[in-house]
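# Geometric and topological summary
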Amino acid sequence: MKGFASYTAGGQSFYGLATDRGMIALSPEFPQYPTLREVIAAGALHDLWLAARGREVTHPTGTFDYGIPIPAPEKIICVGVNFPDRNAEYKDGQEAPPNMSLFIRFPRSFTGHDRPLIRPPETPQLDYEGEIAVVIGKGGRRISQADAYDHIAALTLCNEGTLRDWVRHAKFNVTQGKNWDSSGALGPWLVPFTSPAQLDDVRLTTRVNGELRQDDRTSRMLFPIRRQIEYISTFTTLVPGDIIVTGTPTGAGARFDPPKYLVPGDVVEVEAEGIGKLTNRVEDE
């Protein structure tokens with residue numbers, strides 16, 4: 001058993017439990033929850049787990065396509081420059097800032113596991129950023145750090161793909177470089193969050209064509225995930241299904257000399273202990 005995933009098969013949308021042999025469809029058994037967002041809002045991930053026990057695979061590997069785990073989250077909020085070496089990469093002489101940098105991504109900018117990352121014709125500067133993402137289970141406003149983990153339902157992975165020249169088109173924002181259709185990926189599945197050990201000191205890596213490019217641990221974050229939830233919930237109400245993408249280590253392609261941007265045929269693998277591996281191949285639009 002790997003985690004809960006959203007997927008399509010035969011023109012239909014499903015969610016279910018991913019296994020080594022394929023998917024166990026669970027959505028037909030829970031018509032009251034159209035997607036995993038509603039499952040999370042109802043606190044029903046454990047009910048899905050119980051329903052999957054002893055069930056046979058309904059969609060074998062190779063007969064379905066992964067989608068992003070939460071098809072229509074209200075918010076996807078991304079944390080930028082959240083590892084010490086990432087701050088140093090900017091070479092601006094500044095110490096780590098007192099507050100985190102944030103930006104928003106739209107669901108359409110992400111694709112699912114084992115689906116193509118799309119490089120648009122407007123720029124060749126498609127880059128990778130491997131990250132851990134947390135999914136909010138219990139909503140709230142002004143959540144304390146002490147209570148923050150109680151608001152997480154599940155974990156997943158993110159390749160926060162970025163069009164580097166487009167993040168520099170304006171003075172104060174990166175939105176247009178972060179939201180190209182299918183430029184990033186989320187998945188493959190949701191792992192229920194049950195213990196602080198799943199987040200506090202976890203190794204996160206990114207490989208491109210098998211070459212290790214990013215390698216760090218969550219314990220080195222400048223702004224730990226508890227602080228992220230506290231800070232973000234100060235100015236906006238978090239709701240079930242919201243996704244926080246928690247920051248990427250040093251080693252993105254733009255930081256090499258010369259830069260190592262993604263090209264068609266490249267395979268990017270983002271992996272974290274206890275969550276899994278998110279894999280995508282690059283294609284031109």
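Each remark here, short or long, concerns the structure printed above.
Since we're looking at a predicted model, the values are computed, not measured. (Residues numbered from 1 in each chain as written. Predicted model: local features only at pLDDT ≥ 70, side-chain atom pairs only at ≥ 80, totals over all residues. Heavy atoms only, no water.)

## So, the overall build of the protein
For the record, the criterion: Helix and strand assignments follow DSSP, with helices taken as H or I runs no shorter than four residues and strands as E runs no shorter than two, numbered in order from the N terminus. Remark: exposure states derive from per-residue accessible area (1.4 Å probe, protein chains only) relative to the maximum for the residue type, with buried under 20%, exposed over 50%, and partly exposed in between. Residue contacts are counted whenever heavy atoms from the two residues lie within 4.5 Å of one another. Reported accessibility uses the Shrake-Rupley method at a 1.4 Å probe radius. Residues are deemed covered only where the shown protein chains occlude them. Under this rule, positive means Lys or Arg and negative means Asp or Glu; His and the chain ends count for nothing. Note on charges: their place is set at NZ of Lys, CZ of Arg, CG of Asp or CD of Glu.
Within the protein, the regular secondary structure consists of five helices and 19 strands. C-alpha extents for the protein along the principal axes are approximately 55 × 45 × 30 Å. Residue burial in the protein is summarised as follows: out of 285 residues, 53% are buried. The contacts in the protein between residues at least 6 apart in sequence include a share of 75% that link residues at least 24 apart. If you sum the accessible surface of the protein, you get close to 12,400 Å²; carbon and sulfur atoms cover 49% of it. Of the side-chain charges in the protein, 30 are positive and 36 negative, and the distance between the mean point of each set is 2 Å.

## With respect to the pairing of strand S3 (residues 22–25)
Along a regular strand, successive side chains alternate from one face of the sheet to the other. Convention followed: DSSP bridges decide pairing: two strands pair if at least two such bridges lie between them.
Pairing analysis gives four bridges linking strand S2 (residues 12–19) to S3, with the strands arranged antiparallel. Residue pairing for S3: leucine 17 is matched across the bridge by isoleucine 24. Here S2 folds back onto S3 in antiparallel fashion, the turn holding two residues. In the sheet, S3 pairs with strand S4 (residues 59–60) via two bridges, with the strands oriented antiparallel. By the bridge assignment, methionine 23 is partnered in S4 with histidine 59.

## Topic: helix H2 (residues 45–52)
As a reminder, the rule being used: This arc corresponds to the set of directions leading from the helix axis out to the C-beta atoms.
Looking at H2, one finds that the buried residues are Leu45, Leu48 and Ala52. Down the axis of H2, the buried side of the element spans an arc of 55°, and every buried residue falls inside it. Packing partners of the buried residues in H2 comprise strand S1 (3–9), S2, S3, helix H1 (36–41) and strand S12 (152–159). Positive backbone phi, at 80°, marks glycine 54, one or two positions downstream of H2.

## Details of the state of the cysteines
Inclusion rule: When two cysteine sulfur atoms are found within 2.5 Å, that pair is recorded as a disulfide.
With the rule as written, the count across this model stands at zero disulfides. Between cysteine 78, a cysteine without a disulfide, and cysteine 158, which holds the nearest cysteine sulfur, the sulfur-to-sulfur distance is 6.2 Å.

## Quick notes on the nonpolar core
Defined as follows: Put simply, a nonpolar core is a bunch of buried Ala, Val, Leu, Ile, Met, Phe, Trp, Tyr and Cys residues held in one set by side-chain atoms that sit within 4.5 Å of each other.
Counting 49 residues, the largest nonpolar core has Ile132, Ile152, Leu199, Ile225, Ile229 and Ile244 as the members making the most contacts within it. Once residues lying within four places of it in the same chain are set aside, the contact partners of isoleucine 132 are Thr156, Leu157, Leu199, Val202, Leu204, Thr218, Ile244, Val245, Thr246, Ala272 and Ile275. Ile24, Val39, Ala52 and Ile68 belong to the second-largest nonpolar core, a separate cluster that totals 30 residues.

## Observations regarding the sheet that holds strand S15 (residues 203–208)
The condition that has to hold: Lines fitted to C-alpha atoms define the axes here, with helix axes fitted over just the stretch in contact, and angles between the N-to-C directions of these axes take values from 0 to 180 degrees.
Strand order in this open sheet of five strands is S9-S19-S18-S15-S16, and the pairing throughout is mixed. For this open sheet the edge positions go to strand S9 (117–119) and strand S16 (211–217), each flanked by a neighbour on one side alone. Averaged over all neighbouring strand pairs, the angle between strand axes comes to 20°, with direction disregarded. Pairing analysis gives five bridges linking S15 to strand S18 (residues 267–272), with the strands arranged antiparallel. Across the sheet, the residue bridging to threonine 206 is valine 270, located in S18.

## Quick word on unusual backbone geometry
Both trends apply: most residues other than glycine have a negative phi, and most peptide bonds are in trans. Here the residue pair glycine 187 and proline 188 is connected by a cis peptide bond, since its omega of 0° sits within 30 degrees of zero. As for its position among the elements, proline 188 is in strand S14 (residues 184–192). For the bond from aspartate 257 to proline 258, the omega torsion is 0°, close enough to zero to count as cis. The phi dihedral of aspartate 114 is positive, around 65°, even though this residue is not glycine. Among the structural elements, aspartate 114 can be located in the loop between strand S8 (110–111) and S9. Owing to a relative accessible area of 57%, aspartate 114 belongs among the exposed residues under this scheme. Of note, asparagine 209 is a non-glycine position whose phi angle comes to about 55°, a positive value. The topology assignment puts asparagine 209 in the loop between S15 and S16. Residue class for asparagine 209 comes out partly exposed when judged on its relative accessible area of 49%.

## Some remarks on a nonpolar patch on the surface
Selection criterion: Patches here are clusters of residues that have more than 30% relative accessible area and form no salt bridge, with a 9 Å joining cutoff for like charges and a 5 Å cutoff for nonpolar side chains (Val, Leu, Ile, Met, Phe, Trp, Tyr). Put simply, a salt bridge is a Lys or Arg side-chain nitrogen that is within 4 Å of an Asp or Glu carboxyl oxygen.
Nonpolar side chains collect at one region of the surface, where Met1, Trp49 and Leu50 lie side by side and expose about 300 Å² of accessible area between them. For tryptophan 49, the location among the structural elements is in helix H2.

## What to know about the layout of surface pockets
As a reminder, the rule being used: Grid points spaced at 1 Å over the protein atoms alone were grouped into cavities, where a 1.4 Å probe fits but cannot get out, and pockets, open sets with protein on both sides within 12 Å along at least five of seven lines, with lining residues defined by an atom within 4 Å of a point. Grid points are joined across faces, edges and corners, and a volume is the space filled by probe spheres set on the points. Each residue receives one of three labels: charged for Asp, Glu, Lys and Arg, nonpolar for Ala, Val, Leu, Ile, Met, Phe, Trp, Tyr, Cys and Pro, and polar for the others, Gly being one of them.
Approximately 250 Å³ is the volume found for the second largest pocket. Lining the second largest pocket are 14 residues, with Thr61, Phe64, Tyr66, His113 and Asp114 sitting closest to its centre. Listed by contribution, the elements that provide at least two residues to the lining of the second largest pocket are strand S5 (65–66) and S14. Counted by class, the lining of the second largest pocket contains four nonpolar, five polar and five charged residues.

On their own, these measurements won't tell you what the molecule is for.
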